[in-house]
Structures are given as C-alpha cells and as structure tokens.
Amino acid sequence: MKPSVGTRSVQYLVAYLLALVAIYPIFLMLVSSLKTNAEIFADPLGLPKAFSLEPYRKLLDSVPFTDFLLNSVFVSVVSVALILVFSSMAAFYIARFSYKWNGILYFFFLIGLMIPIKLGIVPLFLLMKQLALTNTPWSLILIYTASGIPISVFILTGFFRTLPVQLEEAARIDGCSNFQVFWKILLPLIRPALGTVMIINFIQAWNDFFFPLIFIQDEELKTIPVGMLGLFGEYEADWSMLFAGLTLSALPMIVVFFLASKQFMEGLTAGAVK
Amino acid sequence: MQTKSKGNWLIHLFPIPALIVYVLFVIYPIFSAFTYSLYDWNGIAKGEFIGLENFVTLFQVEPFNEMFWNAFSHNVIYFIVEMIVQNGFAFILAYILYQKIRGGEFLKIAYFLPRLLSVIIVGFLWKLILNPNFGALNVFLTKLGMEEWAQPWLGDPDTALISIILVNSWFGMGFAVLIFLAGLQSIPEEVVEAARMDGASGLRLLWKIILPMCMPAITIMTVLTFIQAFEAFELVYAMQGSKGEPFYSTDTMAVYFYRLAFGGSGGTDTVAIGLGSALAVVLFFIVASMSAVSLYFMRKKEVQQ
C-alpha cells in the first residue's frame, strides 16, 4: 500500500525544498567566493560574471592558511591516533577480562559521556599553564584525546564483546600472549568500530574552536576555525575574501566526506543509535 | 572467559594510558570547578573559602541574577524551538525517506552537508547571509516582493535569538534525520504490515504504530538536543560575540559563563572565576541530570530486549 498521489507530491515537494534549504547557503558561499566585492554588493544572489580567483589570492596573502591547515591536520590526526590506541587497549581490558574492578572502570569511563567538559575550562587552563602547554598544539591534542576517550571506550567495548571467545582461546593454545591476541587477532576484527571511532573524533577535533580560542595565541599555531575568526575581525568589509576563507575552511572536510560519505554518516550517528 | 596465564600481569597496564589522560584532563578539571565555586576568586589568585556565597550572588544579587535568568530563559527557548523546528522537520523528512523516495541517497547527503562545517564557519556564513544591507536573505525577500519581511535579523533583539536557533537547526537537521531514519528502519516490518492488514493507514498508522515504536530514537534525539541547547556557545559567540548582542538578547548560560571566567562585562568587567565556576556547577547539574535520566531509560530498554 502506497501513499496517495497527492500525499506523494507533497512529500516530494517538502523533501526537495528542504534539501535546497540545506545546500543553497553552501552553494552561495562557493559562488560568492568567485565574485568581486562590487558584484556581491550589487547582486548577492547572481552568478559571478567572470570567475575570479582574486579573493583566494588575497586570502592566502593575508592569512597563513597553509599553517592553519597543517595545524588542523596535525592536531586532529595525532588526537585520533592516540584515542584509537588508548581506547582500544582500555576497551580490550574491560571487555575481555573479568577482574572485579572492570565494571567500575567501565562505569568510570562512561561518566565522561555525561560531563560537559567545557565547564572545566578554568581549571584546565590553569593546569595547562602549569604544564607549560598553553599555546602549543599539545594542549589541544591532550584535551581532544581525553574528551574522546569515553565515547570511544563505550563503542569499542561493545564491539569487543561481540567477538567469540573461541578465537582467543585458540590463539592462546597456539602460544599467543595477551598482546598478540589483542594486536593480531582482535584488532583486525573490530576494524569497522575503529573506523567509527576515528570519524566521530576526527570531526570533533577538526571543527572545534572553543579550546583553540582559549589555548592558542600565536597566529602560526592556530587551527583553521580560530584562524578564520581573526579574518572576520580584520577584513569585515571584504566579503569576497571572507567567502573565499569560508569555502577554503569547509573544503577539506567536504572532500574527506565525499570519499566516504556512507561511513561518515553511519560513523557520526553510531554513538547515538547504538 | 577468565584468561589468566603466568607472567601476564602486564595486561593491567592496558587501561593505564587512557585512564591517566582521562583523569587529568576530564575528571580533574570538572571536579576542581566544584571546589573553585566555593572560593572568593577574582582574577589571579585564589582568595578565601566563602562556602555557597557565589551561588547566592549568582541567584540573588543584581545584576547577576537577572543575567542568569535572562540567559537561562534563552537556553529553554533554544531547546523548545530546536525540538519543534529542527527535530520536527527532521522527523517528517526521515518519514518521507523511510517510505522510499526517488533520490533518497542524494537527499540524505544534502541534509547532512551543513553538519560538516565547523560551527564557527556556519556562524560567519549566516552572518553574511543575514546582513541587513547586502545579505542574501533580505535581497531574496525583496526580489519576491516581500520587502516588509526584510529585517536586520541579528541586530534586532526581537529576531536575533530566533535567527540563531534557526541557523542551528539548519546545521543540525541532517544529523537528526539520520537518527530518526535509523529508528524508523529498526521497526520490524511485520508489525507495520500487520497494522496495515488491520486497516490502519496514513496518520493513524504513524500515530499508533510508527511513533511509539520509534520512541528510542526520539528519546535519544531529545536528550542530545537538550544537552546541546544548554551548552549552546559556539554559534552565539561567532554571530553575536561574548555579550550575546544586541543587549544580551541572545545570551546563553555558556556564553555568560565564558564572560565570567575569562573577563569582560558579565555584570562585572573583571574576571570572576569563583562566580563563573558556580555557574559551571549549576550548568553541570542541569546537563548531567538529563544525561543520567537518559542513561536510565536506555538501560531499561536494554533490559527489556
């Protein structure tokens, strides 16, 4: 039984209209970055008359975008790598062994899911200062790693638990140590979960701007989101350049997304739906 | 499945790295904020222990109490509007996708695309679009012959907050669609078929069968929206600065907290770490209690299964 033709048409109208609402601002951002300022102010909705890359040239002259990009890559990649290593080790311990404190340990990690970590920013700031980590990428890496651990331990523990014990027993009979069981047998089997954890945390680290706003002062140490914050303060009237900056900031993530859109969407929602 | 063999004590080192980082940079800061809230602490050094006085100040002393309730009411509005606009539309879209529609895969990607942008990029982009003079939205309305609808969206206290919440809905809708769709797809087909055999269709089917069976997804989305609404900071900061312009009409508790903790006119012009920490504690209990309630319900669900 299908909905009636009338209902169906309304459904199509609503679905595609809202798709337009979702995409159009992004399209507008891209198009505007190829216009001159005069064109934007005269006709904000029109298409560019001559595709000009001038805004991009100006942008790259005024901000060290390559630095921002490399900082973002460094911070995100190192954080995600640390999260994967630390969380999978902890999850392996919690899921595959039954020491009496394992349950408490698991619960202790889960508390982190309920804590809005931003609220600890003042003590965190003072702590980073004591450790002489403010104004270094390591302040961000440690925070992203720490705050990514709860959800990652949660997802990975769940996955480890689904694996049959026999695999492990067979490996042990063949003389595998705990570490070999973990590294050679189980890790390859939970690859999908590792992918999910990777994506969730990568998006988080890449897009965050609250922590770099507070911890990073040096221009050349800024990540993309905070780097762009400065641009908006300084070049308020140069809209084509601002649009170019926005486009360039959005681009890396959109490219990565199109390489693996399905995993991306599943990965990001996995933590919530599970 | 106890697996003990000799010389394997090394296994106890496995959770240690995660534990250290987590305790140092999540647990310790949050619990320190609790103690900070009990001290008179303005600026550089920790002052004397003053018990709950910061909380009293927060709730009873002008202008802090006004600031608090003003920001709090905005968080509540944030939550309600997000539930209606973002989640309402998202559910409708998910239901349409669930009933199969041509281009479904494309639509999912389209709805999700804004979610890939950093919130600060979203804020800046919409600041340009909502600009009263050259912004695309007002120009668009004028072209449609609806000049009287054109507004200084972010400059007028009456429209600023709602504009920001709608931008947030634009950002978050695609994620909500995916959650609801996952919920809808987890409903066993036999159940829906059986209801159809019994003659249920259209709204009746939706109301009596689909919605109740989709409750887990709806609960999760409600909780996430609540947490997000009460932590709202980035978008407001990007679009309206740390004072929630104009005239604190877009202020939220997290923005107010930022002002108190890092200085600049949160009622005072100096940093007020003790007071800021007190606000953090209040916010912590609001968010954590919602999370705890949700964990309880999810546990219950697990038991039933």
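Right above here is the structure, for reference.
The following refers to the structure shown.

Reading guide: rules and limits
Residues numbered from 1 in each chain as written. Chains lettered and ligands numbered in written order. Predicted model: local features only at pLDDT ≥ 70, side-chain atom pairs only at ≥ 80, totals over all residues. Heavy atoms only, no water. Contact = heavy atoms within 4.5 Å. Buried area = accessible area lost by both parts, 1.4 Å probe. Salt bridge = Lys/Arg side-chain N within 4 Å of Asp/Glu carboxyl O. Polar contact = N/O pair within 3.5 Å; in protein donor to acceptor, adjacent residues only side chain to side chain. Nonpolar A, V, L, I, M, F, W, Y, C, P; charged D, E, K, R; others polar. Helix = DSSP H or I, 4+ residues; strand = E, 2+ residues; numbered from the N terminus. Expected span 1.5 Å × (residues − 1). Buried < 20%, exposed > 50% of the residue type's maximum accessible area, 1.4 Å probe, protein only. Patch = residues over 30% accessible without salt bridge, like charges linked within 9 Å, V, L, I, M, F, W, Y side chains within 5 Å. Areas by Shrake-Rupley, 256 points an atom, 1.4 Å probe, with all protein chains shown as cover. Phe/Tyr/Trp six-rings, centres within 6.5 Å; stacked < 30°, edge-to-face > 60°.

Side note on the interface of chain B and chain A
Taken together, the contact pairs 89 residues of chain B with 92 residues of chain A. Regarding the contact of chain B and chain A, the summed buried area is about 8800 Å², with carbon and sulfur atoms giving 80% of it. Counting every contact that joins chain B to chain A gives 2 salt bridges. One salt bridge in this structure joins B:Glu234 and A:Lys118, with 3.3 Å as the shortest N-O distance. Put simply, chain B and chain A have 16 residue pairs in polar contact (both at pLDDT 80 or more) between them. Among the residues making up the side of chain B that touches chain A, the classes are represented as 68 nonpolar, 12 polar and 9 charged.

What about helix 10 (residues 215-230) of chain B?
Because each turn of an α-helix spans 3.6 residues, side chains separated by three or four positions end up pointing in the same direction. End to end, helix 10 of chain B covers 22 Å across 16 residues, agreeing with the expected 22 Å (1.5 Å per residue, within 8%). All of the buried residues along helix 10 of chain B are B:Ala217, B:Ile218, B:Ile220, B:Met221, B:Thr222, B:Val223, B:Thr225, B:Phe226, B:Ile227, B:Ala229 and B:Phe230.

Describing a nonpolar patch on the surface
Residue and element names in this part refer to chain B. Taken together, the side chains of Trp9, Leu10, Leu13, Ile16, Ile20 and Leu24 present a nonpolar region at the surface, about 580 Å² in accessible area. If you trace the backbone, Leu24 turns up in helix 1 (residues 16-36). Residue Leu24 is classed as partly exposed on the basis of its relative accessible area, which comes to 34%.

Structural notes on the packing of aromatic side chains
All names here are of chain A. Throughout the structure, instances matching the rule amount to 51 aromatic pairs over all chains. Seen from their ring centres, Phe74 and Trp138 are 5.9 Å apart, and the 90° between their planes marks the pair as edge-to-face. Of this pair, Phe74 sits in helix 4 (residues 65-96) while Trp138 is found in helix 7 (residues 137-162), placing the two residues 64 residues apart along the sequence. Given a relative accessible area of 40%, Trp138 falls into the partly exposed group.

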